[in-house]
Amino acid sequence: MKLWGGRFEKPSAKQFEEFAGSLAFDRKLLDADVEGSCAWVHALERIGIYSAAEAEQVCRALEAIAGEARANPAVFFEGAADEDVHTLVIRKLAERGGAGLADKLHTGRSRNEQVSLDLRIWLKGEILGAQAALNALLEALLEQAERAGDLVLPGYTHLRRAQPVLWAHYLLAHFEMLARDRGRLARCYQAADAMPLGSGALAGSGLPIDREALSRDLGFAAITRNSLDAAGDRDFVLEFLFTASCVFVHLSRLAEDWILYSSEEFGFLQLGDEVTSGSSLMPQKKNPDSLELLRGKTGRMLGHLVALATTLKGLPLTYNRDLQEDKEPVFDAAEQLLGALAIARVVVETTTPCRAAMEAAAAGGWACATDLAEYLALHGVPFRRAHETVGRIVRAGLAHDRAPEQWTLEQLREFSPAFDEDVLEWLKGAAGVARREVPGGTGPRAVAAALQDARRRLSAWQSSKQ
Ligand code: ARG
């Protein structure tokens, strides 16, 4: 069955049907399609196209169709050769409720607005699911941070030891990146939350449809403002693909760090058996495959983003069949996003930090050098000179294999008379951490405040719908 045909003399080529059909993937939209069609039936009822009894009958039949598809998809979709899911639903309706009722369903409605509506309904549901999964990941990060106590590790720039930081502070950095993604997801929801029905194929419906009532029936926050725009707008999909990519980019950075940190060379982290794999040949191996896949799938997600952006670039107004190419990327992105958030959560939950290795590394590599320079600056030495002096101390320390805590006051004084007895405390381990109590810094009190703030924000997110 086709929803068009009167104008054509010859049937479609088999190749064209195969090439252009979307049922294989847009069947995901079946529930949304049924929901949208039921609301449309009531909109038609309000203007006298369907009687109340007919509207009731069509909606019941539509719901039964959705129920059948859910109960046994294999049987439901078996042999279906329809052009897309919208056509399939109409055909099933005709088979079930009689052609008379099914034939009226497209009164004043185009598939262009229908596909936009379906995708918006579906995407809103996916975004809520992603928000819940993201909350769970944020919870795992925060719990790990709350357990961290005074544990320190080196903070890195250029992947070289820079300054020691609290492990809790490090975990909260990832919390913040993902918290921003939470905001992005909420904005995606808003973008999708505009109801396009009533736009017609492109020029606005020729029937006096009450769009506001329809929007309320479908639980949308607003109606789309311009019918031409509504027919060809996929910004809401593009924004979702960007947001999903952004989550992946963030997770790929955590993944890269933790792959390194859990390596024999670093030894900072022990990954759980639950998220690692062995080797078919080398019995000793415990490989961080879950993290590698988070990193690897990021490329695929960015591919989806670029694919849709490229499809939209230069696309003439309004609807063009090119837009059908939005579906496979967005379906895959939503599925991968959910999977990634779920696995990242298990990784965070099952990872244990190794105190000895982290602390030894944080104390090594002259990570106290900045503190030493700041000590001199606080004792009247201009910072540029203090920097130079400490640079020479570090050079001497490396040349004589003398670690910071092995230096005596006399040895330090050879470099600057501004050093006093109390400087020896500054050379111990990760003592510098305690000096960074600015808001947002790694000082223990600043981090305790940040933990409380993160807990308060997360609780609010956990109890809100979005
Ligand atoms: N399968 C189409 C899509 O995904 C549905 C809309 C078809 N509209 C049309 N004018 N051919 O975009």
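Above this note sits the structure.
Residues numbered from 1 in each chain as written. Predicted model: local features only at pLDDT ≥ 70, side-chain atom pairs only at ≥ 80, totals over all residues. Heavy atoms only, no water.

1. A short note on the overall build of the protein chain
Each helix and strand in the protein chain was counted, giving 20 helices and 6 strands. Taking 466 residues into account, the globule formula puts the C-alpha radius of gyration at 23 Å, and the protein chain, at 30 Å, lies well above it. Counting only C-alpha atoms, the protein chain reaches 100 × 50 × 40 Å along its principal axes. In the protein chain, which comprises 466 residues, the proportion classed as buried is 48%. (Helix = DSSP H or I, 4+ residues; strand = E, 2+ residues; numbered from the N terminus. Rg over C-alpha atoms; globule rule 2.2 N^0.38 Å. Buried < 20%, exposed > 50% of the residue type's maximum accessible area, 1.4 Å probe, protein only.)

2. Re the side chain of Thr276
Positionally, Thr276 belongs in the loop between β5 (269-270) and α13 (289-312). What makes Thr276 buried here is its relative accessible area of 16%. Only 2.9 Å separates the side chain of Thr276 from the backbone oxygen of Gly272, close enough to count as a polar contact. Those residues in contact with Thr276, other than ones at most four positions away along the chain, are Leu271, Lys286, Asn287 and Pro288. (Polar contact = N/O pair within 3.5 Å; in protein donor to acceptor, adjacent residues only side chain to side chain. Contact = heavy atoms within 4.5 Å.)

3. Observations concerning the packing of aromatic side chains
Across all of its chains, the model carries 15 aromatic pairs by this definition. Relative to Tyr261, the ring of Tyr170 lies with its centre 5.8 Å away and its plane at 50°, an arrangement referred to as tilted. Of the two residues, Tyr170 is situated in helix α9 (residues 167-192) and Tyr261 in helix α12 (residues 235-261); the sequence distance between them amounts to 91 residues. Like Tyr170, the residue Tyr261 is buried in the burial classification. Between Tyr261 and Phe268, the ring centres sit 5.4 Å apart and the planes meet at 50°, which makes this aromatic pair tilted. The two residues Tyr261 and Phe268 agree in class, both being buried. Ring-pair connections join several aromatic residues into one group, and the members of that group are Tyr156, Trp167, Tyr170, Trp258, Tyr261, Phe266 and Phe268. A cation over a ring is seen here: Lys28 above Phe331, with NZ or CZ 5.7 Å from the ring centre. Over the ring of Trp407 we find Arg402, and its NZ or CZ is 4.5 Å from the ring centre. (Phe/Tyr/Trp six-rings, centres within 6.5 Å; stacked < 30°, edge-to-face > 60°. Lys NZ or Arg CZ within 6 Å of the ring centre and 35° of its normal.)

4. What about the packing of α9 against α12?
The geometry of α9 relative to α12 is characterised by a closest axis approach of 8 Å and an angle of 165° between their N-to-C directions. By the angle between their axes, α9 is roughly antiparallel relative to α12. The two elements α9 and α12 cross, and the hand of that crossing is left-handed. (Axes fitted to C-alpha atoms, helices over the stretch in contact; angles between N-to-C directions. Parallel < 35°, antiparallel > 145°, perpendicular 65-115°, else oblique. Left-handed = near helix turned anticlockwise from the far one by under 90°.)

5. Digging into unusual backbone geometry
A cis amide bond, omega 5°, links Leu317 with the succeeding residue Thr318. Its location among the elements puts Thr318 in the loop between α13 and α14 (327-350). Look at His158: it is not a glycine, yet its phi comes out positive at around 55°. Examined against the element boundaries, His158 turns out to sit in the loop between β1 (152-157) and β2 (160-166). Judged by its relative accessible area of 72%, His158 falls in the exposed class.

6. Some details on helix α16 (residues 369-378)
Buried residues of α16: Ala369, Asp371, Leu372, Ala373, Tyr375 and Leu376, and no others. For α16, the elements touching its buried residues are α17 (383-399) and α19 (423-426). Gly380 lies just past α16 and shows a positive phi near 95°.

7. Overview of the site of the ligand
Taken together, Ser22, Asp84, His86, Arg111, Asn112, Val115, Tyr319, Gln324 and Lys327 make up the full set of residues near the ligand. Residue Asp84 places a side-chain N or O atom 3.4 Å away from a nitrogen atom belonging to the ligand. With respect to the ligand, the side chain of Gln324 contributes an N or O atom lying 2.8 Å from a nitrogen atom. No other element matches helix α8 (residues 111-147), which puts 3 residues into the shell around the ligand. For the shell around the ligand, the per-class residue count stands at 2 nonpolar, 4 polar and 3 charged. (Near = heavy atom within 4 Å. Nonpolar A, V, L, I, M, F, W, Y, C, P; charged D, E, K, R; others polar.)

8. Observations concerning the nonpolar core
Ranked by internal contacts, the top residues of the largest apolar core, which has 115 residues, are Trp167, Phe240 and Trp258. Ranked by residues supplied to this core, first place goes to α8 with 15 residues. When neighbours within four sequence positions are excluded, Trp258 is seen to be in contact with Trp167, Tyr170, Leu171, Leu269, Leu291, Val347, Val348 and Thr351. Judged by nonpolar contacts, the second largest core, of 21 residues, contains Trp366, Val381, Ala396 and Phe419. (Core = buried A, V, L, I, M, F, W, Y, C linked by side-chain atoms within 4.5 Å.)

9. Details of the pattern of salt bridges
What the rule picks out here adds up to 36 salt bridges. One salt bridge connects Arg295 with Glu256, and the closest N-O pair in it is separated by 2.5 Å. Of this pair, Arg295 sits in helix α13 while Glu256 sits in helix α12, placing them 39 residues apart in sequence. In this structure Arg295 comes out as partly exposed when scored by relative accessible area, which is 34%. With its nearest N and O atoms 3.7 Å apart, the salt bridge here joins Glu374 to Arg436. Placement of Glu374 in helix α16 and of Arg436 in the loop between α19 and α20 (444-463) is noted, with a sequence separation of 62 residues between them. Judged by its relative accessible area of 24%, Glu374 is partly exposed. Through salt bridges with shared partners, one network takes in Glu83, Asp84, Arg111 and Arg321. (Salt bridge = Lys/Arg side-chain N within 4 Å of Asp/Glu carboxyl O.)

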